[in-house]
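# A structural walkthrough
Each chain is listed here by its residues.
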Protein chains: 2
Amino acid sequence: MTMKTKSPSFYERRAAIAKALGHPSRLMIVDALQEKEICVCELTDLVGADQSTVSRHLSVLKNAGLVDTRKEGPMIFYRLRVKCLEGFFMCIENVLRENLEREEALVGG
Amino acid sequence: MTMKTKSPSFYERRAAIAKALGHPSRLMIVDALQEKEICVCELTDLVGADQSTVSRHLSVLKNAGLVDTRKEGPMIFYRLRVKCLEGFFMCIENVLRENLEREEALVGG
DNA sequence: AGGTTATATTGCAATATGACCATGAAGACA
DNA sequence: TGTCTTCATGGTCATATTGCAATATAACCT
């Protein structure tokens, strides 16, 4: 992020990815996929929502380019396309930690 | 992210932060704030939307704990509360790069 | 073909989001 | 006090998102 000027779609493309990660169910899915590829049926159990709802969340992640699919018989396995989510989660944790410290400071002071 | 079980609000809190970053205007604001603190009037010029719209985007960022404010006369300066956005942006860039490679592979192959 | 399982898609209702306009609150200054 | 500037908030509208139910699609089996 060092350019002087940025095209209009510069932030739009980046925001689309952040937005795809901006839902608890999708975050749960992505987190689970960090360990291994998982089929839709198992992800549906994990999330605890309707199968159609989970399928929609998965298509959001897929459109963002965050996950990919592999067909195996009647099942479809989803896997992460990206390995960098480490940095993403670390950033989120950092923000949460700072927020917690601020809350504690407000209570204590 | 190594816990076996996670509370219901675990992903909700994290998703709220990702969601706050999931809009091009807010991403533009956060990016600009990486260099220095900026008042609302200047951010309004930068984003190019109505002042009230920018003000609402700023409140979203503030509620997420991503920015903080400092009052100076009639002006309010916004500044980043977090320095970890490096990792966040790097992750996004990584995804975009992979998406680009995939598109090129589709065209070329 | 018929039946079962696994996913995706569509339709619809409820809710959330984003943009603008208009207004309100607070500081600076004559 | 009045006015100007800066920013926030309420109102309203258009659009997007989310969730479930229902249906479609595809693979596999008999």
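Residues numbered from 1 in each chain as written. Chains lettered and ligands numbered in written order. Predicted model: local features only at pLDDT ≥ 70, side-chain atom pairs only at ≥ 80, totals over all residues. Heavy atoms only, no water.

Turning next to the relation of the copies chain B and chain A. With an RMSD of 0.1 Å, chain B superimposes on chain A once it is rotated by 180° and translated 0.0 Å along the axis. Given the turn and translation reported, the copies of this chain are related as if by a two-fold rotation axis. Residue by residue, 100% of the interface of chain B is reproduced at the interface of chain A, so both copies engage with the same surface. (Least-squares fit on C-alpha atoms with pLDDT ≥ 70 in both. Contact = heavy atoms within 4.5 Å.)

Residues in close proximity to DNA strand D total 23 residues, the closest being A:Arg56, A:His57, B:Cys41, B:Arg56 and B:Tyr78. Protein-proximal atoms of DNA strand D, defined as those within 4 Å of the protein, fall in sugar or phosphate at a share of 58%. Between DNA strand D and B:Cys41 there is a distance of 2.6 Å, counted from a phosphate oxygen to a backbone nitrogen or oxygen. In this structure, B:Ile76 approaches DNA strand D through a main-chain N or O atom, which is 3.1 Å from a phosphate oxygen. Elements that contribute at least two residues to the surface near DNA strand D include exactly helix H4 (51-63) of chain A together with helix H3 (40-47), helix H4 (51-63) and strand S3 (75-80) of chain B. For the surface near DNA strand D, the per-class residue count stands at nine nonpolar, eight polar and six charged. (Near = heavy atom within 4 Å. Polar contact = N/O pair within 3.5 Å; in protein donor to acceptor, adjacent residues only side chain to side chain. Helix = DSSP H or I, 4+ residues; strand = E, 2+ residues; numbered from the N terminus. Nonpolar A, V, L, I, M, F, W, Y, C, P; charged D, E, K, R; others polar.)

What follows deals with the protein's contact with DNA strand C. Around DNA strand C, a shell composed of 22 residues is seen, among which A:Cys41, A:Ser52, A:Tyr78, B:Lys19 and B:His57 lie nearest. Put simply, 63% of the atoms of DNA strand C that lie within 4 Å of the protein are in sugar or phosphate. Between DNA strand C and the protein, one listed contact pairs a phosphate oxygen with a backbone N or O atom of A:Val40 at 3.4 Å. Between a phosphate oxygen of DNA strand C and a side-chain N or O atom of A:Tyr78, the distance comes to 2.9 Å. Only helix H3 (40-47), H4 and strand S3 (75-80) of chain A together with H4 of chain B provide two or more residues apiece to the surface near DNA strand C.

Moving on, we come to the packing of aromatic side chains. For the structure shown, the criterion picks out five aromatic pairs over all chains. Ring centres of A:Phe10 and A:Tyr11 lie 4.9 Å apart, and the angle between their planes is 75°; on these two criteria the pair is classed as edge-to-face. Each member of the pair, A:Phe10 as well as A:Tyr11, is classed as buried. Summarising the aromatic geometry, the rings of B:Phe88 and B:Phe89 are spaced 5.6 Å apart at their centres and angled 75° between planes, so their arrangement reads as edge-to-face. We classify B:Phe88 as buried; its relative accessible area is 0%. By relative accessible area, B:Phe89 is classed as buried at 4%. Members of the aromatic cluster, each reached through a chain of ring pairs, are A:Phe88, A:Phe89, B:Phe88 and B:Phe89. Above the ring of A:Phe10, the side-chain terminus of A:Arg14 is found at 3.7 Å from the ring centroid. (Phe/Tyr/Trp six-rings, centres within 6.5 Å; stacked < 30°, edge-to-face > 60°. Buried < 20%, exposed > 50% of the residue type's maximum accessible area, 1.4 Å probe, protein only. Lys NZ or Arg CZ within 6 Å of the ring centre and 35° of its normal.)

These figures capture arrangement, not role.
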